Amino acid sequence: MKKNRGKILIFLLFTGLSLYFLYPTYKDYSFTKELRSLVGDDSLKYVEQNEEAMRVARLKRVKLGLDLQGGMRVVLEVNVLKYLEDIAKNKDEQFMNVINEVRAESQTSEEEVVDLLGRKLQQKQLRAARYYGSIRDEDDVIIQKLRDETVSAVDRAIEIVRNRIDQYGVSEPSIQKQGGRRIIVELPGVSKEGEVRQLLQGTALLEFKILYDPEIMSKVYQAIDASLAGKPIDDSLNVNKTDTSTTAAANDTTAKPVDTTSTVAQTDTNKPADTSLATLDDQAEKTPEELKKEHPFFAIANPMQQPNQGWSGQLFTIEEDKGKVNRILEKPEIKQLIPSGVSFAWSAKKSFTAEGKNFFALYAVKKEAELTGGVITEARATIDPNFNTPIVTMEMNTEGAREWARITGSNINKQIAIILDNAIFSAPVVRGKITGGNSQIEGMESVEEAKLLEIVLKAGALPAPVDIIQQTSVGPSLGEDSIKQGIYSSLMALLLTIVFMIFYYRMGGTVADVVLFLNMLFMLAILAGFQGTLTLPGIAGIILTMAVAVDANVLIYERIREESATGKTLSAAVDTGYEKAFTAIFDSNLTTFITGVILYQFGSGPVQGFALTLMIGIVISMFTAIVGTRIIFSIMLERGKVINFG
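Residue positions within a chain follow its written sequence, with the count starting from 1. With the structure being a predicted model, the display of local features is reserved for residues of pLDDT at least 70 and the display and counting of side-chain atom pairs for 80 or more, all residues being used for whole-chain, interface and lining totals. Processing note: side-chain calculations cover all non-hydrogen atoms of the structure and skip hydrogens and water entirely.

### A look at the overall build of the protein chain
So, step 1. We count a stretch as a helix when DSSP gives it H or I for four or more residues in a row; a strand needs E for two or more, and each element gets its number in order from the N terminus. A count of helices and strands for the protein chain gives 18 helices and 19 strands.
So, step 2. Contacts are assigned to residue pairs with any non-hydrogen atoms lying within 4.5 Å of each other. Pairs at least 24 apart in sequence give 73% of the contacts found in the protein chain among residues at least 6 apart.
So, step 3. In these tables, accessible area is a Shrake-Rupley quantity obtained with a 1.4 Å probe, and a residue counts as shielded only by the protein chains included in the view. As presented, the protein chain carries roughly 33,600 Å² of accessible surface, and 54% of it is formed by carbon and sulfur atoms.

What follows is the structure, encoded as structure tokens:
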């Protein structure tokens, strides 16, 4: 016993850790089962009461693949050739003939579309500068620029798809770039094909909206907070339900059109009048529970107002509470407190991180957009040469420039939100009237943030066409059937193996069965701990691993029986059996493991899932079959127990 104390402690530690990692999976199953038994307001109340625990359990559970929980897998392809056709400055007959030839050849060729286009132009002795770039540019330079632009177009398409899926509210989506122009999207739990096609293929909607008056919104938010707390709404908090905020002038004919490249700042340096929210009394003397009871809205949507400073109108909420805030704002009694001209939008990215939690900003904007992204002709992220900081320059067409001058001229010192598909990417402050259609947005923290804003601004102007080339739906019933059949087959295989081992190897077989349970426990715990995904091929890998684990025990037990037949004592036969069987077990598992590595390296999707489960299972089965059973036998022999190997 003493000589195996270290190994026993390791086994107990692994078992305890396994139960710890699998507990969220059990909790998630319990929450889901309870939620399915509830309907209507009861289910909503249950979600609100257990939202945080449900989120944590879902985050840490063993994740199920698309084939097990149902959903959609869509393969998108960015139509690069159409994009190249659209951006050409000259589309004469020769050019269209080249485009048609490239289109036909690209169906059967692996060559990049841009390279195909360059080769076709060269074969017909046509200069690329005739259709793209400047007349002074060399063909090689133009082709390289086109390559860069097509890569950028694919990146923009991915950003648009990701943004839309986030807005759609799909849980645990997977978005991957494949090759140069394909995007693979997996949407667990989604079954509405029409909505998904519209979601992924529709034109991106880029809008510019003025932020609603902070002074009015401070009263609105306080009224909401008072309503949720069951307090009477003070007369001073009464909200005029009509749009009383400053309206944009129809035409600005008095402002002097001086600027040709004016600036809007992302950081407000010209604060409007102080529109402070009312101070929450005795905050410091009350517990968080008391404050949450007295101010239920501000407890989850905090204005983050600094003392003696104006408030710009945003509320900040941790990522987990965004759904809770949305549900509050959608309540009929709360909507009566909100002016009719107000709509809400979240920041597309987190505003900041505090205490390990991501905070998002909630903006109140006017429902009607001042301008849409169709007027933008160019956007580019660059570095300001004067201050060495990242900025984004933006150009508009003639119509957009005229409207932009009117909007900026009548909203100086106000914030304009740049919204893509109802997610706010930036809300710069207008410093002055902008004429000429050229604007500069500053205040970004990094080049990456500026690049993202460039993608957003371009997305509304000229997105590359995106085609759905493959769409696979796995219905929830098929997913549930797959789970049931997988579980049944696993249990059946386990039961038959247990019976055989007990029947054929008696006590030795019983010990092997106990270790087999530990084997499965450890495997699932590793999947949960590393947030792996269990797929149907993964279940096949688990079943195969069970066979491999039992096979190792069979080799050991047969060796022990051979050594016992030569007249050795049971203790000596066990030692010799494990020693001589080890080489064969190690060799067979090593070759299987190498096969798993090859499958994982060169396979994809389900094949990788099978290979990963198999490799994990092989390592664990080696540990449990050789070390686990040996410890149990050693303890039994020390205590004088009789072990029968059949």
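### Details of the pairing of strand 2 (residues 71-78)
If a strand is regular, its side chains alternate between the two faces of the sheet.
So, step 1. Type-normalised accessible area, obtained with a 1.4 Å probe on protein chains alone, sets the label of each residue: buried when under 20%, exposed when over 50%, and partly exposed for intermediate values. With seven of eight residues buried, strand 2 is to be regarded as a mostly interior element.
So, step 2. For two strands to count as paired, DSSP must find a minimum of two bridges between them. Bridging between strand 2 and strand 18 (residues 466-474) involves eight bridges; their strand directions are antiparallel. Looking at the pairing, Arg73 lines up with Thr472 of strand 18.

### Thoughts on the nonpolar core
So, step 1. Core analysis: the largest hydrophobic core is formed by 44 residues, its most contacted members being Leu534, Ile556, Tyr557, Ile560, Ile585, Phe633 and Phe645.
So, step 2. Here the element with the most residues in this core is helix 15 (residues 476-529); it accounts for 13 residues.
So, step 3. Judged by nonpolar contacts, the second largest core, of 39 residues, contains Val102, Val114, Leu117 and Ile165. Put simply, buried Ala, Val, Leu, Ile, Met, Phe, Trp, Tyr and Cys residues joined by side-chain atoms within 4.5 Å make one nonpolar core.

### Focus on the confidence of the model for the protein chain
So, step 1. Per-residue confidence from the predictor is given as pLDDT, running between 0 and 100. Scored by pLDDT, the protein chain comes out at a mean of 78, with 83% of its residues at no less than 70.
So, step 2. Overall, residues 240-276 carries pLDDT values under 50, and its contacts beyond four positions in sequence, including any with other chains, amount to 84 contacts.

### Structural notes on the pattern of salt bridges
It is possible for side chains of opposite charge to pair when their charged atoms get near one another.
So, step 1. Salt-bridge detection follows one rule: a side-chain nitrogen of Lys or Arg within 4 Å of a carboxyl oxygen of Asp or Glu. Under the definition given, this model contains 23 salt bridges.
So, step 2. We note a salt bridge from Lys145 to Asp137, for which the minimum N-O separation is 3.7 Å.
So, step 3. Look at Lys145 and you get partly exposed, because its relative accessible area is 42%.
So, step 4. On the basis of relative accessibility, which here comes to 18%, the residue Asp137 falls in the buried class.
So, step 5. A salt bridge links Asp575 to Arg630; its shortest N-O distance comes to 2.8 Å. Taken as a pair, Asp575 in helix 17 (residues 570-602) and Arg630 in helix 18 (residues 606-638) lie far apart in primary sequence, 55 residues in all.
So, step 6. Asp575 sits in the partly exposed class, given a relative accessible area of 35%.
So, step 7. What emerges from the salt-bridge pattern is a single network uniting Glu101, Glu105, Glu111, Arg119, Lys120 and Lys124.

### Description of empty space enclosed by the protein
So, step 1. Method remark: on a 1 Å grid restricted to protein atoms, a set of points is classed as a cavity if a 1.4 Å probe fits but cannot get out and as a pocket if it is open with protein on both sides within 12 Å along at least five of seven lines; lining residues have an atom within 4 Å of a point. Grid points are joined across faces, edges and corners, and a volume is the space filled by probe spheres set on the points. Summed over the entire model, instances satisfying the criterion amount to two cavities of 30 Å³ or more.
So, step 2. Each pocket or cavity is described by its volume, and for the second largest cavity that value is around 30 Å³.
So, step 3. Around the second largest cavity, the lining residues are Leu211, Tyr212, Met217, Ser312, Gly313, Gln314 and Ala364.
So, step 4. Three categories are distinguished: nonpolar for Ala, Val, Leu, Ile, Met, Phe, Trp, Tyr, Cys and Pro, charged for Asp, Glu, Lys and Arg, and polar for the others, with Gly belonging to the last. Of the residues in the lining of the second largest cavity, the class split is four nonpolar, three polar and no charged.

### Side note on the packing of aromatic side chains
So, step 1. Working definition: rings of Phe, Tyr and Trp (its six-membered ring) pair if their centres are within 6.5 Å, and the pair is stacked with planes under 30 degrees apart, edge-to-face with planes over 60 apart, and tilted otherwise. Counted by the stated rule, this structure contains 21 aromatic pairs.
So, step 2. Each member of the aromatic cluster is reached from another via a ring pair, and the members are Phe500, Tyr504, Tyr505, Tyr557, Tyr578 and Phe633.
So, step 3. Cation placement over rings: the criterion is NZ of Lys or CZ of Arg within 6 Å of the ring centroid and within 35° of the ring normal. The ring of Phe360 carries Lys322 above its face, with NZ or CZ at 4.2 Å from the centroid.

### Overview of the sheet that holds strand 18
Working definition: the strands of a sheet are paired by backbone hydrogen bonds and lie parallel or antiparallel to each other.
So, step 1. Strands sit in the order 3-4-2-18 across an open sheet of four strands; the sheet is antiparallel. The open sheet has two edge strands with one neighbour each: strand 3 (174-178) and strand 18. In this sheet, adjacent strand axes meet at a mean angle of 15° when their direction is disregarded.
So, step 2. Examined bridge by bridge, strand 2 and strand 4 (residues 182-188) share seven bridges and lie antiparallel to one another. With axes taken as lines fitted to C-alpha atoms, and helix axes fitted only over the stretch in contact, angles between N-to-C directions fall between 0 and 180 degrees.

### Let's talk about the side chain of Thr545
So, step 1. Here Thr545 lies in helix 16 (residues 536-565).
So, step 2. Judged by relative accessible area, which is 1%, Thr545 ranks as buried.
So, step 3. At a separation of 2.7 Å, a polar atom in the side chain of Thr545 contacts the main-chain carbonyl oxygen of Gly541.
So, step 4. Ignoring any residue separated from it by four or fewer positions in sequence, one finds Thr545 in contact with Asn519, Met523, Thr613, Leu614, Gly617 and Ile618. Here a polar contact is taken to be a pair of N or O atoms separated by no more than 3.5 Å, where protein atoms must pair a possible hydrogen donor with a possible acceptor and residues adjacent in sequence count only if both atoms sit in side chains.

### Brief notes about the packing of helix 4 (residues 80-87) against helix 5 (residues 93-106)
So, step 1. Taken N-terminus to C-terminus, the directions of helix 4 and helix 5 make an angle of 170°; their axes are 11 Å apart at the nearest point. By the angle class used here, helix 4 and helix 5 are roughly antiparallel. Between helix 4 and helix 5, the residues in contact are Leu81, Leu84 and Glu85 and Phe95, Met96, Ile99, Val102 and Arg103, respectively.
So, step 2. Split into classes, the residues belonging to the contact of helix 4 with helix 5 amount to six nonpolar, no polar and two charged. What sets the label is the angle itself: under 35 degrees gives roughly parallel, over 145 gives roughly antiparallel, 65 to 115 gives roughly perpendicular, and the rest give oblique.

### What to know about the packing of helix 16 against helix 17
So, step 1. In the contact formed by helix 16 and helix 17, the axes pass within 8 Å of each other and the chain directions differ by 145°. Seen along the crossing, helix 16 lies across helix 17 with a hand that is right-handed. Contact residues: helix 16 offers Val548, Ala552, Leu555, Ile556, Arg559, Ile560, Glu563 and Ser564, while helix 17 offers Ala573, Val574, Thr576, Gly577, Tyr578, Lys580, Ala581, Ala584, Ile585 and Asn589. Crossings are classed by handedness, with left-handed meaning an anticlockwise turn of the near helix from the far one by less than a right angle and right-handed meaning a clockwise turn.

### So, unusual backbone geometry
So, step 1. Look at Gln125: it is not a glycine, yet its phi comes out positive at around 55°.
So, step 2. Following the sequence through the fold, Gln125 ends up in the loop between helix 6 (113-123) and helix 7 (139-168).
So, step 3. Looking at Gln125, the relative accessible area reads 74%, which means it is exposed.
So, step 4. The phi angle at Arg506 is positive, at roughly 50°, despite the residue not being glycine.
So, step 5. Secondary-structure assignment places Arg506 in helix 15.

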